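A structural walkthrough
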Amino acid sequence: MMRSIYVVVMTLATMSAYGQSVNPNWKQELKSNLDKFLQCTTTGDKTTCSRYVGESLKVVYKVDDFYSKKEGRYMTTGEIADYLKTSNSWSSIGQSYDQQVLDRAAELANSRKAVVAVYNNSSNIGHIVLITPGDMTSSGSWGLKVPAAASFFVVEPAKSFTDKALSFAFSKQMLKDVTIYTRKY
């Protein structure tokens with residue numbers, strides 16, 4: 001009995017050490033970041049404003065993987081896409097046109113594990129969207145159930161959001177180029 005309690009305690013301690021948690025105020029803080037992002041896009045340059053894409057991961061999941069210590073700033077969208085492809089801390093769970101992948105993405109996000117969707121086309125134009133905890137919703141445009149998401153559109157800031165379905169970030173034609181990644185814990 002004592003050994004079982006020890007194993008449970010050690011398992012819980014290990015899970016906590018790996019940052020598997022969600023900021024309890026993430027909705028309000030993410031909305032605040034969206035407001036700052038939109039303000040930035042009217043006064044700053046696109047590279048400066050792209051920091052909110054990377055920072056959103058920290059705001060929701062308390063994970064700062066998209067901060068480049070070497071550069072002293074949050075990564076750009078292209079840098080994040082490249083990082084995810086080569087990082088040992090992240091893995092692809094599949095393409096966004098697969099309902100099982102979307103279900104898994106929502107399950108992971110609701111289990112307090114960081115998940116992102118990455119669009120990268122043949123011209124190396126990209127967009128990163130954070131999958132957030134929340135309910136799946138039916139998407140008429142995709143014909144699939146999709147997870148909740150937050151999106152900071154650097155190129156078209158007016159399309160940014162913090163509380164909509166993933167399908168608001170990508171058109172159906174883009175689905176073949178959208179890969180879902182999750183952080184390994």
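Residues numbered from 1 in each chain as written. Predicted model: local features only at pLDDT ≥ 70, side-chain atom pairs only at ≥ 80, totals over all residues. Heavy atoms only, no water.

Describing the confidence of the model for the protein chain
We apply this condition: Each residue carries a pLDDT value, the predictor's own confidence for that position, ranging from 0 to 100. We call two residues in contact whenever any of their non-hydrogen atoms come within 4.5 Å of each other.
Per-residue confidence for the protein chain averages 88 on the pLDDT scale, and 90% of its residues sit at or above 70. This model gives residues 1–19 a pLDDT under 50, and the stretch forms five contacts once residues within four places in sequence are excluded.

Considerations on the packing of helix α2 (residues 26–43) against helix α4 (residues 51–61)
When two helices pack together, you describe them by how their axes are tilted relative to each other and by the distance separating the axes. The condition is simple: For helices, the fitted axis covers only the stretch in contact; all axes are lines through C-alpha atoms, and the angles between them, taken along N-to-C directions, range from 0 to 180 degrees. Per the convention used, a helix needs a DSSP run of H or I reaching at least four residues, while a strand needs a run of E reaching at least two, with both numbered from the N terminus. By the definition adopted for this analysis, an angle is roughly parallel if under 35 degrees, roughly antiparallel if over 145, roughly perpendicular if from 65 to 115, and oblique otherwise. The sense of a crossing depends on the near helix, which, turned anticlockwise from the far helix by less than a right angle, makes the crossing left-handed and, turned clockwise, makes it right-handed. We call Asp, Glu, Lys and Arg charged. Ala, Val, Leu, Ile, Met, Phe, Trp, Tyr, Cys and Pro are nonpolar, and the rest, Gly among them, are polar.
Between α2 and α4, the least distance of the axes is 9 Å, while the angle of their chain directions is 165°. Here α2 lies roughly antiparallel to α4, going by the angle between them. The two elements α2 and α4 meet at a crossing, and its hand is right-handed. Listed contacts from α4 to Trp26, Glu29, Leu30, Asn33, Lys36, Phe37 and Cys40 of α2 are Tyr52, Glu55, Ser56, Val59 and Val60. Per-class residue counts for the contact of α2 with α4 are seven nonpolar, two polar and three charged.

Some words on the pairing of strand β5 (residues 126–131)
So the rule is basically this: The cut-offs for exposure are 20% and 50% of the maximum accessible area for each residue type, with area from a 1.4 Å probe on protein chains only; residues under the lower value are buried, those over the upper are exposed, and the others partly exposed. At least two bridges found by DSSP between two strands are what make those strands a pair.
Among the six residues of β5, five are classified as buried, and the element is accordingly described as predominantly covered. As paired strands, strand β4 (residues 115–120) and β5 are joined by six bridges and run antiparallel to one another. Bridge pairing in β5 places Ala117 opposite Val129. Two successive antiparallel strands, β4 and β5, enclose a turn made up of five residues, where Asn124 displays a positive phi of approximately 65°. For β5 and strand β8 (residues 148–151), the ladder comprises three bridges, and the chain directions are antiparallel. Residue pairing in the sheet places Val129 in a bridge with Ser151 of β8.

A word on the side chain of Thr179
Filter applied, for reference: Polar contacts, as counted here, are pairs of nitrogen or oxygen atoms within 3.5 Å of one another; within protein the pair requires one atom able to donate a hydrogen and one able to accept it, and residues that are adjacent in sequence qualify only if both atoms are side-chain atoms.
Here Thr179 lies in strand β10 (residues 178–183). A distance of 3.0 Å separates the side chain of Thr179 from the side chain of Gln95, its partner in a polar contact. Beyond its immediate sequence surroundings of up to four residues, Thr179 is in contact with Ser92, Gly94, Gln95, Val116, Ala117 and Val118.

Quick word on the packing of aromatic side chains
Under the convention used in this document: Note on ring pairs: Phe, Tyr and Trp rings are taken, using the six-membered ring of Trp, and paired if centres are within 6.5 Å. Classes follow the plane angle, with under 30 degrees stacked, over 60 edge-to-face and the rest tilted. The rule is short: NZ of Lys or CZ of Arg within 6 Å of the ring centre and within 35 degrees of the ring normal puts a charge over the ring.
Taken as a whole, this structure holds seven aromatic pairs when the rule is applied. On the numbers, 5.3 Å between centres and 85° between planes, the contact of Phe37 with Phe152 is edge-to-face. With Phe37 in helix α2 and Phe152 in the loop between β8 and β9 (161–165), this residue pair connects regions lying 115 residues apart in the sequence. Neither residue differs from the other here; Phe37 and Phe152 are each classed as buried. Taking 6.3 Å as the distance between ring centres and 70° as the angle between the ring planes, the aromatic pair formed by Phe161 and Phe168 counts as edge-to-face. Of the residues examined, Phe161 reaches a relative accessible area of 3% and is grouped as buried. The class of Phe168 is exposed, set by a relative accessible area of 53%. Its end group placed over the ring of Tyr52, Arg51 keeps NZ or CZ at 5.3 Å from the ring centre. One residue, Arg183, lies across the ring of Tyr185, its end atom 5.5 Å from the ring centre.

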